[in-house]
Amino acid sequence: MNKPLRRVAIFCGLLVLALLLRDNWIQYVRADELNAHPKNRRVTIERYANERGNIIVDGKPITGSVDSQDPYYRFKRTYFDGPMWAPVTGYASQAYDANQIEKIEDGILTGNDDRLFFDRTLSMFTGDKRKGGNVVTTLSGAAQKAAFDGLGDKTGAVVAIEPKTGKILALASTPSYDPSSFAGYSAKDEKAWIALENDKNKPKQNRALREIYPPGSVFKVVTAAAALESGKVTDIDAPTDTPEPYKIPLSTKPMINHASGCENASLNQALEVSCNSVFAKLGDDVGRDKMVETAEKFGFNAEQFTPVRSAASVYDKKSDRGGNALSSIGQFNTATTPLQMAMVTAAIANDGKLMKPYMIDKLESPNVDVIKQNEPEEMSRPVSAETAQKLQQMMENVVSNGTGGKADLNMDGVKVGGKTGTAQHGEKNAKRPYAWFISYAKTDQGSPVAVAVIVEDSAGTDREDISGGGLAAPIAKAVMKAVLKTRS
Amino acid sequence: MSVVTNTTTIGAIEAPSRRNTELALLAFAVVIPVFAYLNVGLAIDGKVPAGMLGYGLGLGLLAGVAHLVVRKFAPYADPLLLPLATLLNGMGLVLIWRLDQSPRIISRYKTFTPDAPSQMLYSAIAVAMFVGVLLVLKDHRVLQRYTYISMVAALVLLLLPLVPGLGADVFGAKIWISVAGFSIQPGEFAKIILAVFFSGYLMVKRDALALASRRFMGLYLPRGRDLGPILTIWAVSLLILVFENDLGTSLLFFGMFVIMLYVATERTSWVVMGLLMSTAGAVVVGSTAGHVKSRVAAWLDPFECLKTAPEGSNMAAACDQMTQVLMSFGSGGILGTGLGQGNSDLIGFAANSDFIFATVGEELGLAGVMVFLLLYGLIIERGVRTALAARDPFGKLLAMGLSGAFALQVFVVAGGVMGLIPLTGMTMPFLAYGGSSVIANWALIGILIRISDTARRPAPAPAPSPDAEMTQVVRP
C-alpha cells in the first residue's frame with residue numbers, strides 16, 4: 001500500500017502548495033489593490049484613529065478633535081465657529097469623506113504624509129501616539145468675522161485679498177453650514193447631511209469660490225482697463241463719443257441707462273454713475289479679442305487653485321459684436337466667482353500686478369516645524385502701473401462722489417476705491433438682481449486689502465433698493481475696517 | 001529434533017524514543033503563544049496583559065500533562081505531532097482572545113461574552129480527551145472490531161442535527177445539535193468514526209475491490225456489488241449537504257473515502273471515478289441550492305457580486321463577507337500589521353471561528369500565514385509518515401484517512417477563506433473557536449500518536465529460548 005500512500009502524500013503536498021501560492025497572490029500581488037479598495041474601511045478607520053492636526057487662523061486653531069470612544073472611528077472632527085469657517089476648512093466627516101483643505105491637506109492633517117516620515121519614525125520609537133500636522137492659513141479672523149456678520153442672514157459671499165501678496169484674508173459664504181453637524185457617522189449625522197443636501201438654499205455650496213454670477217457693473221473696471229491698455233482711451237476725463245441712446249451692434253435694441261448724463265460721458269464720469277452705454281461701446285471699440293485677452297490676464301476662463309479649486313469665471317471667447325458689447329458690461333455670458341472679482345480689484349490696487357491668491361501660509365509638523373512655507377507668487381500683469389493708477393483714481397472717485405459712498409472709511413491716510421454692481425439675471429431679468437461691490441483700501445505703504453462682496457436675492461429688500469452701493473458696500477467697508485484695524 | 005520457535009540470536013536494538021526532542025519542541029510551542037499573548041496585550045493596552053501568567057501556566061500545564069502521558073503510554077510516538085498541535089491550539093487561543101478585545105465586536109452584540117475562557121476550557125477537555133485516547137486505546141487495532149458499529153454511530157451522529165428539537169439551525173447550516181445548553185457539531189466527531197469504519201471495511205474488502213473488476217476504456221471498473229458502498233457514501237454525503245446545508249463536510253467525507261479506497265486498492269480508477277462523481281455532485285448542487293449559489297458567486301468575483309446582488313439578500317451578505325475577508329488579507333501584506341493592530345474584526349460574524357485565518361492574514365501577514373500553512377503541512381506530513389511506517393493495513397488506512405481528512409479540511413477552510421475555492425463553513429483545526437472542533441482534532445492527534453507509537457515501537461524482545469544457543473563471536 002505504500003505506493004498509493006506516497007502519491008496521496010504528494011497530493012496533500014500539492015494542496016498545501018496551492019494554498020501557499022494563493023496566499024502569495026492575495027497578500028503580495030493583490031495587496032495594494034485590496035488595500036486601496038474603496039470598500040476598504042481601514043483607510044477611514046486609520047484616518048480617524050489618531051488626533052487630526054488643526055487648521056489655524058491667527059495662531060489659533062479653528063478645528064479640533066474629540067475622542068468619541070467609538071469602536072470604529074475614534075476621533076471626531078469639531079469646528080469652532082463652523083458656519084463662519086466652513087468655506088475655508090471644508091469638512092472632514094467619518095461618513096461623507098472630506099473636502100477642501102481638509103481633503104487637500106489630508107496627508108499632513110492625519111500625519112500620513114511622506115514629509116512627516118521622520119516624525120512618524122520618531123514617535124514610533126518614543127511610543128507617542130501619532131499626531132497630525134497643522135495647516136496655517138493666511139486668513140484674518142477679524143476680516144472673516146466682519147464678512148460673515150455683514151452677510152448675516154442674506155445669501156451671498158465675500159472674498160478679501162491682500163493685494164501685495166495674494167493672501168486671502170476672508171472667504172465667507174452664506175447661508176453656511178456647520179461641518180461639526182455631520183462629522184461623525186451616526187443617524188444624527190446622516191440626518192444633518194441629508195437636510196443640508198436637500199436644502200434649497202444650498203448651504204454646502206461654497207459661493208465664494210465655486211459659484212459663478214453675472215458680475216454686472218463691477219465688470220466695467222475690466223472694460224475700463226482694456227480700453228486704457230489698448231489706447232482707445234488715454235485721458236479718463238475726456239468725453240467719449242457715445243450716443244444716447246446707444247444701439248447694441250447687430251441689434252435694434254437700444255442700451256438702457258439707469259443713470260443720466262451718459263451721452264458722451266468721460267470714462268471717469270461713466271464709471272462714477274455706471275453708464276451702460278459708454279462701457280458697451282468701449283467694449284465694442286476695444287474688440288472681442290482684446291477684451292478676452294484682458295479678462296484672461298485677470299484670471300477669467302481658468303480655474304484658480306487657492307489650493308482649493310475655484311470655478312472658472314467666464315468671458316465669452318466666441319460672442320459676436322452684440323454679445324461682446326453686452327459682455328463688456330458684465331451681462332450676457334459673462335460670469336464670475338467672487339474670488340475672481342476680488343482678484344481684479346487686488347490687481348488694480350496693487351498697481352497692476354496680480355498676485356496668485358492663496359490661503360495656506362504654511363504646513364507644520366506636529367512639533368511645529370515648518371514643512372512647507374508658501375511664498376507670494378506673481379500670477380500676471382493685467383495692466384500697466386500707469387493704467388492701474390488711472391483705474392484707482394476712477395474707483396476712488398466712485399467712492400467719494402459716486403455710487404460707492406457707503407464704503408468710505410473716512411480714515412486719515414486711507415484712500416478707498418470701489419465699484420458697485422447690480423447684476424440682472426434670470427429669464428428676461430425677472431429674478432431679483434444681485435448686488436455687487438468691489439473695493440480696496442490703500443495707504444502710503446500700498447494696499448492692505450481688496451474685497452469683493454456679492455449679495456444674492458435679498459428677501460425683504462424692495463427691488464428698487466437692491467443695489468451694490470446699498471447692500472454690499474457696507475459689508476466691504478466692515479471687512480476693510482477690520483483689516484486696517486489689525487494692521488495698526 | 002526439537003522444535004525451534006525462535007531463532008533470533010541478536011537482541012532488539014532500542015529505537016530512540018525521541019521523548020526529549022518532543023519536550024524541547026513543546027517548550028517552544030508554549031513559549032511562542034505566550035509571547036504572542038504579551039504582544040497582543042502590549043499592542044492593545046500598552047501594558048503586560050493581566051492574564052498572561054494564567055494563560056502561560058494553563059497552556060504549559062496542558063502541554064506538560066499531554067507530554068507525560070505520551071512519555072508513559074506511547075513512548076515511541078512521533079515527537080512532532082504533540083508540539084505542533086499545542087502550538088496551533090495556543091496560537092488559536094491568543095487569536096480568539098485578541099478578537100475578544102475588539103471594541104467593535106463587543107459593541108456589536110448586546111450581550112457580549114468573551115470566547116477565550118471557554119476555548120481554554122474546551123482545550124482542557126480536548127487534552128483530557130487526548131489523554132483518554134492514549135489511556136484507553138492501548139493498541140489501535142482494537143478499533144477494527146468496531147467497524148460496523150462505527151458506521152452506525154457515524155450515520156447517527158451525522159443525522160442527529162436533522163432530528164427536530166435536537167438540531168439547531170444556526171445561520172443557515174443545520175450542523176449543530178443542542179444538548180443541555182451546549183452546542184455540539186457532530187460532524188467533527190463523525191470524521192474520526194467514519195475513518196475507523198472505512199479502514200475496517202476496506203481492509204476486509206480491498207482484494208475484492210482491487211481484483212474483481214472489468215477493464216473498460218482503459219479503466220478497471222469494480223463489480224456492482226463492490227461499487228455499492230462508494231455510491232452509498234456519495235449519496236449520504238450529498239444528503240447531508242442538501243439537508244444540512246453543509247458543503248464542506250460532505251466534500252470532506254467523500255474525499256476521505258476516495259483517498260482511502262485508492263490507498264487500499266491501489267487502483268487509479270477509483271480516483272478518476274471519485275473526481276467525476278464529485279464534479280457531477282458539485283455541479284448539480286451548485287446550480288440548484290441557492291445557498292451554495294451565493295457562495296459560488298461570492299467566490300467568482302466578490303466585489304462585482306456585491307454591486308449586482310440585491311441589497312439585504314443572502315448573496316449580498318455572502319459577497320460582503322468575502323470582500324471583507326479578502327481586504328483583511330490584503331491589508332496584512334507581507335509582514336502583517338502586527339498582532340492586535342489589525343482590523344480583521346470588520347468581518348463581523350464568525351470572525352473568530354470560520355474566518356479566524358483572516359486575522360492571521362491581516363495581523364501576521366503573508367509570512368505568518370505561510371508559517372501556519374507549513375505547520376499544518378507538517379502535521380499532515382507526520383500523519384502520512386505514520387501511515388507509511390504502520391505495519392498493519394488497518395493502521396495504515398486509519399492513519400492515512402485521518403491525515404487525509406485533516407489535509408482536506410485545512411485546504412477547504414483556508415482555500416475558502418482565501419478565495420481559492422467557494423467558501424464552506426468549516427473550522428480551521430485548532431485555531432478556530434469551537435469545542436467540538438478542538439476536542440475532535442485532539443482526539444485525532446491522539447489516535448495518530450497511538451498508531452505511530454505502535455509503528456515505531458521495537459518488536460518485543462523475543463522470549464529467551466532455552467534451546468537456542470547464543471552465537472559465539474569469534475574474534476580473529
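Use the structure listed above.
Residues numbered from 1 in each chain as written. Chains lettered and ligands numbered in written order. Predicted model: local features only at pLDDT ≥ 70, side-chain atom pairs only at ≥ 80, totals over all residues. Heavy atoms only, no water.

S.K.: Hey, could you run me through the overall build of chain B in this one?
M.R.: Per the secondary structure count, chain B includes 16 helices and 5 strands. For chain B, buried positions account for 54% of its 476 residues. Restricting the contact set of chain B to residue pairs at least 6 apart, pairs at least 24 apart contribute 73%. Of the roughly 20500 Å² that chain B leaves accessible, carbon and sulfur atoms contribute 67%. (Helix = DSSP H or I, 4+ residues; strand = E, 2+ residues; numbered from the N terminus. Buried < 20%, exposed > 50% of the residue type's maximum accessible area, 1.4 Å probe, protein only. Contact = heavy atoms within 4.5 Å. Areas by Shrake-Rupley, 256 points an atom, 1.4 Å probe, with all protein chains shown as cover.)

S.K.: Quick question: what am I supposed to make of the side chain of A:Glu456 here?
M.R.: Residues and elements named next belong to chain A. By secondary structure assignment, the location of Glu-456 is in the loop between β18 (446-455) and α18 (468-487). Here Glu-456 falls in the buried class, since its relative accessible area comes to 12%. Among the polar contacts listed, one links the side chain of Glu-456 to the side chain of Arg-207, at a separation of 3.1 Å. Of note is the side chain of Glu-456, whose polar atom sits 2.5 Å from the side chain of Tyr-213. The contact partners of Glu-456, leaving out residues within four places of it in the chain, are Thr-155, Gly-156, Arg-207, Tyr-213 and Tyr-434. (Polar contact = N/O pair within 3.5 Å; in protein donor to acceptor, adjacent residues only side chain to side chain.)

S.K.: Where do I start with the state of the cysteines in this structure?
M.R.: Residues and elements named next belong to chain B. As enumerated under the stated definition, the model contains 2 disulfides over all chains in all. Sulfur-sulfur distance for the disulfide between Cys-305 and Cys-319 comes to 1.6 Å. Judged by the sign of its S-S torsion, about 75°, the bond between Cys-305 and Cys-319 is right-handed. Residue Cys-305 is found in helix α12 (residues 302-308), and its partner Cys-319 is found in helix α13 (residues 314-332); the two are separated by 14 residues along the sequence. The burial state of Cys-305 is the same as that of Cys-319; both residues are buried. (Disulfide = S-S within 2.5 Å.)

S.K.: Which parts of the structure should I look at to understand empty space enclosed by the protein?
M.R.: A probe matching the size of a water molecule, rolled over the atoms, marks out where space remains unfilled. Residues and elements named next belong to chain B. Using the criterion set out here, one finds 6 cavities of 30 Å³ or more in the structure. Estimates place the volume of the largest cavity at around 80 Å³. Every residue along the wall of the largest cavity is listed here: Ile-175, Gln-185, Gly-187, Glu-188, Lys-191, Asp-246, Thr-249, Leu-252, Gln-409, Gly-425 and Met-426. Among the elements of the structure, α7 (186-211) and α9 (247-265) are those that each provide at least two residues to the lining of the largest cavity. Broken down by element, the residue count for the lining of the largest cavity peaks at 3 residues, all from α7. Across the lining of the largest cavity, the residue classes break down as 3 nonpolar, 5 polar and 3 charged. (1 Å grid on protein atoms, 1.4 Å probe; cavity = no way out; pocket = protein on both sides within 12 Å on 5 of 7 lines; lining within 4 Å. Points joined across faces, edges and corners; volume = space filled by probe spheres on them. Nonpolar A, V, L, I, M, F, W, Y, C, P; charged D, E, K, R; others polar.)

S.K.: Just checking my understanding: could you explain the sheet that holds strand β13 (residues 360-364) of chain A for this structure?
M.R.: Whether parallel or antiparallel, the strands of a sheet pair through hydrogen bonds between backbone atoms. Residues and elements named next belong to chain A. Pairing in this open sheet of 5 strands is mixed, and the strands run β2-β1-β7-β13-β14 from one edge to the other. Each edge of the open sheet is held by one strand with a lone partner, namely β2 (60-61) and β14 (370-373). Note: strand β1 (residues 55-57) against strand β7 (residues 134-137), 2 bridges, orientation parallel. Each residue of the ladder has a partner; that of Ile-56, found in β7, is Val-136. (Pairing = 2+ DSSP bridges.)

S.K.: Got a minute to help me understand helix α4 (residues 82-89) of chain A in this structure?
M.R.: Each α-helix winds once per 3.6 residues, and so residues spaced three or four apart point in a common direction. All names here are of chain A. Extensive coverage of α4 is indicated by the burial of 7 of its 8 residues. Those residues of α4 not exposed but buried are Gly-82, Met-84, Trp-85, Ala-86, Pro-87, Val-88 and Thr-89. Where α4 is buried, its residues contact β1, β3 (63-67), β4 (75-79), α5 (100-104), α8 (141-151) and β9 (167-174). Two residues or fewer past α4, Gly-90 is found with a positive phi of approximately 75°.

S.K.: I tried to follow the packing of helix α11 (residues 220-230) of chain A against helix α17 (residues 385-401) of chain A on my own but got confused; where do I start?
M.R.: Two measures define how a pair of helices packs: the angle their axes make with one another and the distance between the axes. All names here are of chain A. At a closest axis distance of 10 Å, the pairing of α11 and α17 adopts a crossing angle of 140°. In terms of orientation, α11 lies oblique with respect to α17. Two packed elements cross with a definite hand, and for α11 against α17 that hand is right-handed. Facing Val-221, Ala-224, Ala-225, Leu-228 and Glu-229 of α11, the residues of α17 in contact are Thr-387, Lys-390, Leu-391, Met-394 and Met-395. Among the residues forming the contact of α11 with α17, the class breakdown is 7 nonpolar, 1 polar and 2 charged. (Axes fitted to C-alpha atoms, helices over the stretch in contact; angles between N-to-C directions. Parallel < 35°, antiparallel > 145°, perpendicular 65-115°, else oblique. Left-handed = near helix turned anticlockwise from the far one by under 90°.)

S.K.: What should I look at first to understand the environment of A:Val218 in this one?
M.R.: Residue and element names in this part refer to chain A. Relative to the helices and strands, Val-218 is located in the loop between α10 (207-210) and α11. Owing to a relative accessible area of 0%, Val-218 belongs among the buried residues under this scheme. If we skip the residues at most four places from it in the chain, Val-218 touches Met-341, Lys-419, Thr-420, Gly-421, Trp-436, Phe-437 and Ile-438.

S.K.: Hey, could you run me through the interface of chain B and chain A in this one?
M.R.: Much of the literature gives interface size as the accessible area that the parts lose upon coming together. The interface is formed by 51 residues belonging to chain B together with 33 residues belonging to chain A. In this assembly, chain B packs against chain A so that about 3800 Å² is buried in total across both faces, 72% of it on carbon and sulfur atoms. When residues of chain B are sorted by the area they lose upon contact with chain A, B:Tyr262, B:Met327 and B:Leu388 head the list and together hold 14% of the total. Taken together, the connections running from chain B to chain A amount to 1 salt bridge. For the pair chain B and chain A, the interface holds 13 residue pairs in polar contact (both at pLDDT 80 or more). Residue classes in the side of chain B that touches chain A are distributed as 31 nonpolar, 14 polar and 6 charged. (Buried area = accessible area lost by both parts, 1.4 Å probe. Salt bridge = Lys/Arg side-chain N within 4 Å of Asp/Glu carboxyl O.)

S.K.: It is not clear to me how the packing of aromatic side chains should be interpreted in this structure. Could you clarify?
M.R.: Geometrically, a pair of aromatic rings is defined through the distance of the ring centres and the angle of the planes. Tallied over the full model, the rule gives 25 aromatic pairs over all chains. Ring geometry for B:Tyr376 versus B:Phe406: centroids 6.0 Å apart, planes at 45°, classification tilted. Of the two residues, B:Tyr376 sits in helix α14 (residues 356-389) while B:Phe406 sits in helix α15 (residues 393-417), which places them 30 residues apart along the sequence. Here the aromatic cluster, defined as three or more aromatic residues joined through ring pairs, consists of A:Tyr91, A:Tyr96, A:Tyr177, A:Phe182 and A:Trp193. Across from the ring centre of A:Trp193, 4.0 Å away, lies the NZ or CZ of A:Lys204, which sits over that ring. If you follow B:Lys72 out to its NZ or CZ, it ends over the ring of B:Phe73, 5.3 Å from the centre. (Phe/Tyr/Trp six-rings, centres within 6.5 Å; stacked < 30°, edge-to-face > 60°. Lys NZ or Arg CZ within 6 Å of the ring centre and 35° of its normal.)

S.K.: I would appreciate a short explanation of the side chain of B:Thr454 in the present structure.
M.R.: Tracing the chain through its elements places B:Thr454 in helix α16 (residues 435-456). Apart from residues no more than four positions distant in its own chain, B:Thr454 is found in contact with B:Asp139, B:His140, B:Arg141 and B:Arg391.

Note that every value here comes from positions in space, so none of it alone points to a role or purpose.
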